[in-house]
Amino acid sequence: METTWHDALMNADESWESVPTVNVRLWRADAIVLFDWLMSTDLNAVTITHPAQKQALADLLSRFEWACDVDITESTAEEIAAAQEEVAKDMGW
């Protein structure tokens, strides 16, 4: 059976160099808001048009948990609320 890029990515024996990656810089507040949302969301209830979308969200959550250069997994309720306020201010919609 052929190994998919996702299998290679999630396999601890595979190095990141073997899988094409993209680096994205996020504001810390955005990362906290996204992580909190992903942790509290039932991905089975999220409207998707392709199963890969749900998997990509799960992969993003995983990356926040173990590969983020700032530990956002330990954010307090106060930090989450402050991040939500920061991200939501001046949205204009």
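Keep in mind that what you see is a predicted model, and the values were worked out from it rather than measured.

Q: Break down the pattern of salt bridges for me, with residues and values.
A: Evaluation of the coordinates by the stated rule reveals 1 salt bridge. Here Lys 89 ties to Glu 86 by a salt bridge, and the two come within 3.4 Å at their closest N and O atoms. On the basis of relative accessible area, Lys 89 is assigned to the partly exposed category, the value being 46%. Judged by its relative accessible area of 44%, Glu 86 is partly exposed.

Q: Describe the packing of helix α2 (residues 28-40) against helix α4 (residues 77-88), with residues and values.
A: One way to put it is that α2 packs onto α4 with a least axis distance of 8 Å and a crossing angle of 115°. For the element pair α2 and α4, the recorded crossing hand is left-handed. Along the contact surface, α2 presents Arg 28, Ala 29, Asp 30, Ile 32, Val 33 and Asp 36, while α4 presents Glu 79, Ile 80, Ala 83, Gln 84, Glu 86 and Val 87. Here the residues of the contact of α2 with α4 sort into 6 nonpolar, 1 polar and 5 charged.

Q: Go over the nonpolar core with me, naming the residues and quoting the values.
A: Residues Ala 29, Ala 31, Ile 32, Phe 35, Leu 38, Leu 43, Leu 61, Phe 64, Ile 72, Ile 80 and Ala 83 constitute the largest nonpolar core, which totals 11 residues. When residues of this core are traced back to their parent elements, those giving at least two are α2, α3 (51-66) and α4. With 5 residues, α2 is the single largest residue contributor to this core. Look past the residues within four positions of Leu 38 in its chain and what remains in contact with it is Leu 43, Leu 57, Leu 60, Leu 61 and Phe 64.

Q: Talk me through α4; I want residue IDs and the actual numbers.
A: The end-to-end C-alpha distance of α4 is 16 Å, a good match for the 16 Å that 12 residues give at a rise of 1.5 Å each. In the segment just after α4, Asp 90 is the residue with positive phi, at about 60°.

Q: Talk me through the packing of α2 against α3; I want residue IDs and the actual numbers.
A: Two elements in contact, α2 and α3, have axes separated by 10 Å at closest approach and are oriented at 120°. Classified by the angle their axes make, α2 and α3 are oblique. The way α2 lies across α3 gives a crossing that is left-handed. Contacts from Ala 31, Leu 34, Phe 35, Trp 37, Leu 38 and Met 39 in α2 reach Leu 57, Leu 60, Leu 61, Phe 64 and Glu 65 in α3.

Q: Help me get a handle on the packing of aromatic side chains, residues and values and all.
A: What the rule picks out here adds up to 1 aromatic pair. Measuring from centroid to centroid gives 6.2 Å for Phe 35 and Phe 64, while their planes differ by 85°, and the two rings are edge-to-face. Note that Phe 35 is positioned in helix α2 and Phe 64 in helix α3, a separation of 29 residues in sequence. Of the two residues, Phe 35 and Phe 64, both sit in the buried class. Above the plane of the ring of Trp 66 lies Arg 63, whose end atom (NZ or CZ) is 4.8 Å from the centre.

What counts and what doesn't
- Residues numbered from 1 in each chain as written.
- Predicted model: local features only at pLDDT ≥ 70, side-chain atom pairs only at ≥ 80, totals over all residues.
- Heavy atoms only, no water.
- Salt bridge = Lys/Arg side-chain N within 4 Å of Asp/Glu carboxyl O.
- Buried < 20%, exposed > 50% of the residue type's maximum accessible area, 1.4 Å probe, protein only.
- Axes fitted to C-alpha atoms, helices over the stretch in contact; angles between N-to-C directions.
- Helix = DSSP H or I, 4+ residues; strand = E, 2+ residues; numbered from the N terminus.
- Left-handed = near helix turned anticlockwise from the far one by under 90°.
- Contact = heavy atoms within 4.5 Å.
- Nonpolar A, V, L, I, M, F, W, Y, C, P; charged D, E, K, R; others polar.
- Core = buried A, V, L, I, M, F, W, Y, C linked by side-chain atoms within 4.5 Å.
- Expected span 1.5 Å × (residues − 1).
- Parallel < 35°, antiparallel > 145°, perpendicular 65-115°, else oblique.
- Phe/Tyr/Trp six-rings, centres within 6.5 Å; stacked < 30°, edge-to-face > 60°.
- Lys NZ or Arg CZ within 6 Å of the ring centre and 35° of its normal.

Such coordinate-based values are descriptive only and should not be taken to indicate function.
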